Amino acid sequence: MTEPILELLHISKRFDMTQALDDVSLAIYPGEIHALVGENGAGKSTLIKIATGVHQPDTGEIRVQGRPVVIHNSQEAQALGIAAIYQEPMIFPDLNVAENIFISHRSRGPFVRWNQMYKDAEEILAKLGVVMDVRQSAQGLTVAQQQTVEIARAISLDVRVLIMDEPTSALSLHEVQQLFKLVRSLRDRGIAVLFIGHRLEEVFEIADRITVLRDGKLISSRPRSEVTVEQVIRDMVGREVEEFFAKSSVQHGEVVLSVRGLTKQNVFYDVNFDLRRGEVLGFAGLVGSHRTDVALALFGIEPADAGEIIIDGKSVRIRSPQQAMELGIAYVTEDRRKYGLVMPMPICANITLPTLPQFLNGLGLIQRQKEIEVAEQFRQRLNIMTPSVLNTVERLSGGNQQKVLLCKWLNVQPKVLILDEPTRGIDVGAKVEVHHMINDLAAQGIGIILISSDLPEVLAMSDRILVMHEGRQMGIYTREEATQEKIMAAAMGHPEAILERQA
Amino acid sequence: MKFITRILRPEQVRELVTLFLIVIIVLGFGTLLTDYYTGRTFVRVSTSIAIIAVVAMAQTLVAITRNIDLSLGAIVGFCAFFLGVQLSYHHEIGPVPAALIAIAIGTAMGMINGLIIAYGRVPAIITTIGTMAIYRTAIVLYSAPEGGIVSAHRLPMWARQFASWSIFKVGDLDFRVMVGIAIAVVILIQLMLTYLPYGRRLYAIGSNPEAARIAGFPAQRIVFIAYLIGGALAGLGGYLFLLQYGNLMVLAGVGLEFDAVAAAVVGGVNIFGGTGTAIGAFLGATLIGTLDYSLRRWPAISEFWRNAILGLLILLAVATDSAIMARLRLIWARAAAARTAEMAEAKARSMPQA
Amino acid sequence: MLSTRLASLRRMQFLRSWEAILFVLFLITLFYNSARAPAYLTVENQINVFYLYAEKIIVALIMTFIIINGEIDLSVSSVMGLAAGVLGRLIELGYPGELALAAALVTGLLCGLWNGLWIAYGRLSSLIVTLAGMIMFRGLVWVLVEDRSITTFPDWINNMGQRPILGPFPLSLLIFFFLLIIAYIVLQHSAFGRYVYVIGNNREVARFSGVKVETVKLVLFIASGLISALAGVLYTARLGAMRASTAEGFELEIITMVLLGGVNIFGGSGTLLGVLLSILLILNLRNGMSLSNITLQQQTGVIGALLIFSVLVPNLATRVRAELNRRRFARLAAEQAALAERKEVKAETK
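All figures in this text were calculated on a predicted structure; none of them were measured in a lab.

This part covers the overall build of chain A. If you tally the helices and strands in chain A, you get 17 helices and 20 strands. The C-alpha atoms of chain A give 24 Å as radius of gyration, which agrees with the globular expectation for 503 residues (23 Å, within 12%). With respect to the three principal axes, the spread of C-alpha positions in chain A is 70 × 50 × 50 Å. Relative to its full complement of 503 residues, chain A shows a buried share of 49%. Look at the contacts in chain A between residues 6 or more apart in sequence, and 68% of them connect residues 24 or more apart.

Here it is, written out as C-alpha cells:
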C-alpha cells in the first residue's frame, strides 16, 4: 500500500449552531477513486471546502504527502496539487476553450502566444482521450464538455488530488459513461479522485473505496468490494430504510388533467398522461430526462410548442404562470434559492406572494393581520420550526424552507400540484413529514405530479410512474407492476432490458 | 459559412459591421453634401474623435470587468485645467513633460477610484458618481484663483500650435499628431487586451467573477490596476483636450464619460462585462463622430438634432446586439460542435481496429 | 468564517441603524446651522430650504421605487427638461397654458413608456436604455428650443411656481408631501409595492410566483416619466424661464439622495424613511454650506464624498467586525481544545 497523498486528520468545523464536521479523519491514496457519500448536511461539501482552502478547520490538521500544511485559499490548494470541480460550472463563457484551460497559469511567459496555447490545449485534451475544437468559445459547450475543460485545467496544473462534487447530476447517461472513462484514465495515471455522489448505482460502478459521512461524523470507509448498497444506505441514514415510505390508499376521483402529445422542440416529445384527483403520478428518470421542462410547460414558464392540455375537460393553452395558477396548477420548484423563495423576506410574505390579491382590503392595501394568521395556520399544519412567521426565510433549515415553499403553493389551493424534487437537500426527519404531507394532499383530492430522482421515493409514493428518458416518454407503470429494475431500465432508455441487481 | 466561423469570431463580425456602417455613412453623406470628401472633413472628424477615443479606452477597460467609470469626464477636465494653469505660468514645460504631468495626475485620480471600488468594495456606479462630484468640485476650487478659466493666449507657443501639428500629409489628408497619439493608444490597449495575461484576466473577471475568484486571481488588484490605467488614459485625454480647445471653462469635459460609454456600447462592448475590444470602441467612437459631424454639416437637419439621433443610435446598437449577437453565438457554437464531431470521427478512423 | 445567517442578521440590524445614523447626522447639521444663523429654525426658512429642491425630491420618490426594483433611470433630468421645453414652446407658439401643461405631462408619460418598453419587454439594461434616453430626450429639447431661452409664461403658471398656495406652502411642496404619502402607502402596504421589492430581490422568484414582472417595470418607468415631467413643469414655473439645458445634471443628485438613504443599488431593499432622512440631511447640509459661502458647485463635492463614505464605512466596519469575530472564534476553539486535552490528561493520570 502506498503513502496517502492527502490526509485530513481529526477535522472539526463548526458554523455557529451547527457542528458541520466532528473529528473526521480521511486518507486519500493516489491512483484510487474514492467516493464520499452521505445525505445533504452530512458534511461532505464542508470537508472538501476545507481540503481546497475555502474554509479553515477549527481543529485537526491536513497533511500532503506526509507533510503538515495549512491551506489558506484555493490558490495554495492548487499549488499543493489539490483541485476541485463543483456543480456550478467554473468556466469563462467569453473565453475560448484553450484559454479556459490555461487562464490561471502564472508561468506561461509575459505574452500570450495563441498558437502555442492552442497546441498545448489540444495536447492535454488528447491525454484525456478527448477531441474538441479548442478555439471555440466556451459558451456553447454542454455541461459535460465544460466539465471536461475543467478537468483539463486541473491536469494542466499537475493536479494530484481531483475532487469532484456531484459531477454526474447534470449529465445524460452517455455523458456519464464518458466521464467515468475519463476518471478511470486519471486514476490509472496515479491521480487520486475524490468523488461526491448521490446516485448509489453510479458510486458503486466507479468507486474503489466508499466513505460514508452522517451528521458530520465519519461512519465507515471501506473498499467497494467489501460493502453492499444496503450497508451504505444504512450507514448514510442510520436506520432501516423501510420505515420511511408509508403510502395510504386513497380513492381516486375523475380526471383533472389530461396531456396529449405535448411537445417542445429540442426538449421533450409526445408526452401523454392522465392525472386523476387524489392520484400521485411519479415522474421518474435520470437528470437530463427533461421532466422539469414538462412541468415548466404545464406551469406556463416555458410553454410547449405543440400538444393538448385539458383541465377538467376543457382544452387550454397555458402561456403564463398566472394563467396556470388560475387553472389550478401549482409548481413547487426544486431550486429554492433561485426560483422558490425570497430569502430576506419574512415567512408570511413568502407564503402569500402568489395569492397576494386575496389579502387586500377594500382599499387595495395588504391586510397584515390576515397574512400572519394564514401563515400561522400553515406553520402549525406543517410543523415549521420557527419562533415566528415574521422571521425571514433565510434563517430556516433546508427542510423548513422546503415546507414554507410548499405552504406558498398550497395556499393557491391547486387542483394539480407539481412537486419537483421536494425532498432534495433536506434532512431525514423533514423528508418523512413531506411524505406524510403528500399523502394528506392526495387524500384531499389534489392531483399530484411527483418529480423525483430518488427511485425508492418514487416507487413508494406513487400510484403510477411515468418514466422519461432524454425527453421521451418511455412508459407509465402502475404501482403493482413497477419494480426498481424496470423503472431504472426505462429511465436508462431500455424499457425491455432488465438490469442486474447490485450485489 | 464554416470558413467564416473558422477565421472570425462573432465579436469580429460585429466590428466589421460597425466598419461597414461607417463606410455607408461616409458614402451616403458624400452624395448628400458638397465638399464632403475634403481634407478639412478628415481633420475635423479625426481630431474630434481623438479625445473621445482615448477616454473610450478607459471606459472599455473597466466595462470588460463589469464596472463603469462615470468620473472620466471630470478627470479629463481636472487634468486639462491643472495642466493649463501650470503651462500658463511655466512656459518652459515642453510637450512631453506636460503629457507626463497630465497622465500622472489622471493616474492619481484613477487610483482613488480603484482603491474605493476594488478594496473598499463600493459598487463602481456609486463610487464614480461620488468621485465625479468630488473631482468637479476640485476643478472649481483649483480654478478659482484663475477666475475659473484658462486662456489659450497665455499658453506657451507649442501648446497653441499643437493641435495643428501633423505627422504626415497624403495629398489633402492631414494626419494630425493628436490623431496619431489616439490611434497609438488604441493599438496599445488592443495589444494589451489580446496578448498580455493581464488583459486576458480582465475578460475572465468580467466573464465569471466567481470562477475568477476560485481560480485564484487577485481580482481586486486587477480591477484596481484597470482604474489606474483608466485614470492615466483620462489624464492623457485631458492633455489632448487642453491642446485642442485652448480656452477652458469649469465645465470642461462634462459628459465625456457618457460619450465614452456610447462609443463603447456602439462598438460592441458589453456593459455587463466579458466582451468588447479596444478596436470596437474606437470604431464606435468613429461611427458616432462621423455621424455627428455629417449631421451638423447637413443643412436639411438642424444641428440641434445631434443628441436626439445619438441617443437613438445607442439604443439601436444595444437592441440589435441583444437580438443578433446571441444568434450569432449559436451559429458559431453549432459550427464548433460540427467541427468537434469531425475531429472525433477522424481520430476514430485513424485508430487501429479493436 | 461567519455563517451567512449571522452576516445577514448583522446587515439587517445595521440597516435599521442606518436610518438612526442619518437622523443623528441630520440633527447635528440642524443644530450646527441654527447656531450659526439665528433665523435657521423658523418655519419660513425651513420651507425655503425645501422649496429650492422641491422638484428634485419629488423625482427622488419615484427613483426610490425604481432602484429598489433593481433598475435605474438616468433620463429623469432630460425628461424634466423636455417637459419644460414642450411647455415653453407651446406657450411661445400661442397655445393656452392649460394645453401646454397637459402636453408636457403627456410627453413625460410617453418618454417613460419608451424607456419602459425597451427595459421591461426588450429585456435591455436600464442603465443603457435610460442613458440613451437621457441623451435623446435632451436632444429633443435642443430641437424644440434651440439656443433660445423662453421667459414669457402666463401669470398663473408663474404664480403656481412661485407663490405659496396653502398657508406658507408653495404648490411644489404640497405636491411633494402628497406624493410622499402615496409613495409610502403604495410601497409598504400595497401588493404593487411588495412586488417591487420582490422583483428587485430576485426577479426569477417573482416570475415563478406568478408576478407580472414586465407590467410592474413598465408601470414604474411610465410613472418616472410622468413625475419627472411634473417636476420639470414645476421647476420652470419656479424659475419663470427655461432653456435647453434646464435641469441638466439633476439625475446625479437625485440618485445620491436615494442611495444615501440606504437603498441598495442592486435592488431589493430600502425604505422611504431612509430616503426622507437622507433628503433632510442633504438639504440642510447644502443650506448650511451656502450660509458659509460655499458655492453650489463646491457643495457637490461634499455630497459626493458623503455618498461614497455612506457605503465605504459600513463595508469596512463589517470587515473589521468579521475579522474580530473570526479571531474570537479561533481563540475560543483553541481554548476548548486545550481544555479537552487537559481533561484527557487528567483522565489518563487517574
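When helices and strands are counted, chain C shows 14 helices and four strands. Overall, the C-alpha framework of chain C stretches about 105 × 55 × 35 Å when taken along its three principal axes. Within chain C, buried positions represent 50% of all 350 residues. Of the contacts formed within chain C by residues at least 6 apart in sequence, a portion of 78% connects residues at least 24 apart.

Of all the 11 residues making up helix α9 (residues 191-201) of chain C, nine are buried; the element is thus mostly covered by neighbouring parts of the structure. All of the buried residues in α9 of chain C are Gly193, Arg194, Tyr195, Val196, Tyr197, Val198, Ile199, Gly200 and Asn201 of chain C. Of the surrounding elements, those touching the buried residues of α9 of chain C are α12 (347-352) of chain A together with α3 (54-68), α8 (171-189), α10 (203-208) and α11 (213-239) of chain C.

All names here are of chain A. Read from one edge to the other, the open sheet built from four strands follows the order β2-β1-β4-β5, with strand pairing classed as antiparallel. The sheet is open, and its two edges are formed by β2 (18-28) and β5 (67-69), each paired on a single side. Taking the axes of each pair of neighbouring strands and ignoring which way they run, one obtains an average angle of 30° across the sheet. Across the sheet, helix α1 (residues 44-51) touches β1 (6-15) and β2, and the angle it forms with β1 is around 120°.

Taken together, the contacts link 27 residues of chain A with 22 residues of chain C. Those elements that provide at least two residues to the side of chain A that touches chain C are α10 (321-326) and α11 (336-340) of chain A.

On domain assignment, one finds that chain A holds domain 1 (6-238), domain 2 (243-328 + 414-503) and domain 3 (345-412). Contacts between the two partners involve 11 residues from domain 2 of chain A and, on the opposite side, nine residues from domain 3 of chain A.

Moving on: the interface of chain B and chain C. With 39 residues of chain B at the contact, the number on the chain C side is 37 residues. Elements that contribute at least two residues to the side of chain B that touches chain C include exactly α6 (124-143), α12 (256-266) and α14 (306-350) of chain B. It is α6 of chain B that contributes the most residues to the side of chain B that touches chain C, 14 residues altogether. Grouping the constituent residues of the side of chain B that touches chain C by class yields 27 nonpolar, nine polar and three charged.

Confidence along chain A averages 86 in pLDDT terms, with 93% of residues attaining 70 or more. Within the model, pLDDT remains below 50 along residues 497-503 of chain A, and this stretch shows 10 contacts once partners closer than five positions in the same chain are excluded.

We now examine the environment of Asp22 of chain A. Residues and elements named next belong to chain A. Tracing the backbone shows Asp22 in strand β2. Classification of Asp22 as partly exposed rests on a count of 17 C-beta atoms within 10 Å. Through-space distance from the C-alpha of Asp22 to that of Glu373 is 41 Å; in sequence the pair is 351 residues apart.

Attention now goes to the nonpolar core. Counting residues in hydrophobic clusters, the biggest one holds 375 residues, and the most contacted among them are Val55, Met57 and Ile314 of chain B. Sort the elements by how many residues they give to this core and helix α11 (residues 219-245) of chain B lands first, with 15 residues. Aside from chain neighbours lying at most four places away, what touches Ile314 of chain B is Ala262, Val265 and Val266 of chain B together with Ile128, Leu131, Ala132 and Ile135 of chain C.

Residues and elements named next belong to chain A. Residues Ile82 and Ala84 of strand β6 (residues 82-85) are buried on one face, and the alternating residues Ala83 and Ile85, pointing to the opposite face, are buried as well. Note that β6 and strand β7 (residues 161-165) share four bridges and pair parallel. Bridge pairing in β7 places Ala83 opposite Leu162.

Attention shifts here to the environment of Glu122 of chain A. Tracing the backbone through its elements, the reader meets Glu122 of chain A in helix α4 (residues 114-127). Distance from Glu122 of chain A to Met132 of chain A, taken between C-alpha atoms, is 7.7 Å for residues 10 residues apart in sequence.

About the criteria used
- Each chain has its residues counted from 1, running along the sequence as written.
- Whichever chain is written first is A, and whichever ligand is written first is 1; the rest continue in order.
- With the structure being a predicted model, the display of local features is reserved for residues of pLDDT at least 70 and the display and counting of side-chain atom pairs for 80 or more, all residues being used for whole-chain, interface and lining totals.
- To qualify as a helix, a DSSP run of H or I must reach at least 4 residues; to qualify as a strand, a run of E must reach at least 2; elements of each kind are numbered from the N terminus.
- In this setup the radius of gyration rests on C-alpha atoms only. A globule is expected at 2.2 Å times the number of residues raised to 0.38.
- Exposure classification rests on a simple neighbour count of other C-beta atoms within 10 Å of a residue's own: a residue reaching 20 or more is buried, one at 12 or fewer is exposed, and one in between is partly exposed. C-beta atoms are placed from the backbone.
- By definition, residues are in contact whenever their C-beta atoms, placed on the basis of the backbone, come within 7 Å of each other.
- Think of it this way: DSSP has to see at least two bridges between two strands before they count as a pair.
- Only the stretch in contact is used when fitting a helix axis, every axis being a line fitted to C-alpha atoms; angles between N-to-C directions are given from 0 to 180 degrees.
- Throughout the structure description, domain borders are defined by an automatic or database domain assignment.
- In this classification, the charged set is Asp, Glu, Lys and Arg, the nonpolar set is Ala, Val, Leu, Ile, Met, Phe, Trp, Tyr, Cys and Pro, and all remaining amino acids, among them Gly, are polar.
- Confidence of the predictor in every single residue is expressed as pLDDT, which spans 0 to 100.
- As used throughout, a nonpolar core is a set of buried Ala, Val, Leu, Ile, Met, Phe, Trp, Tyr and Cys residues joined through C-beta atoms within 7 Å of each other.

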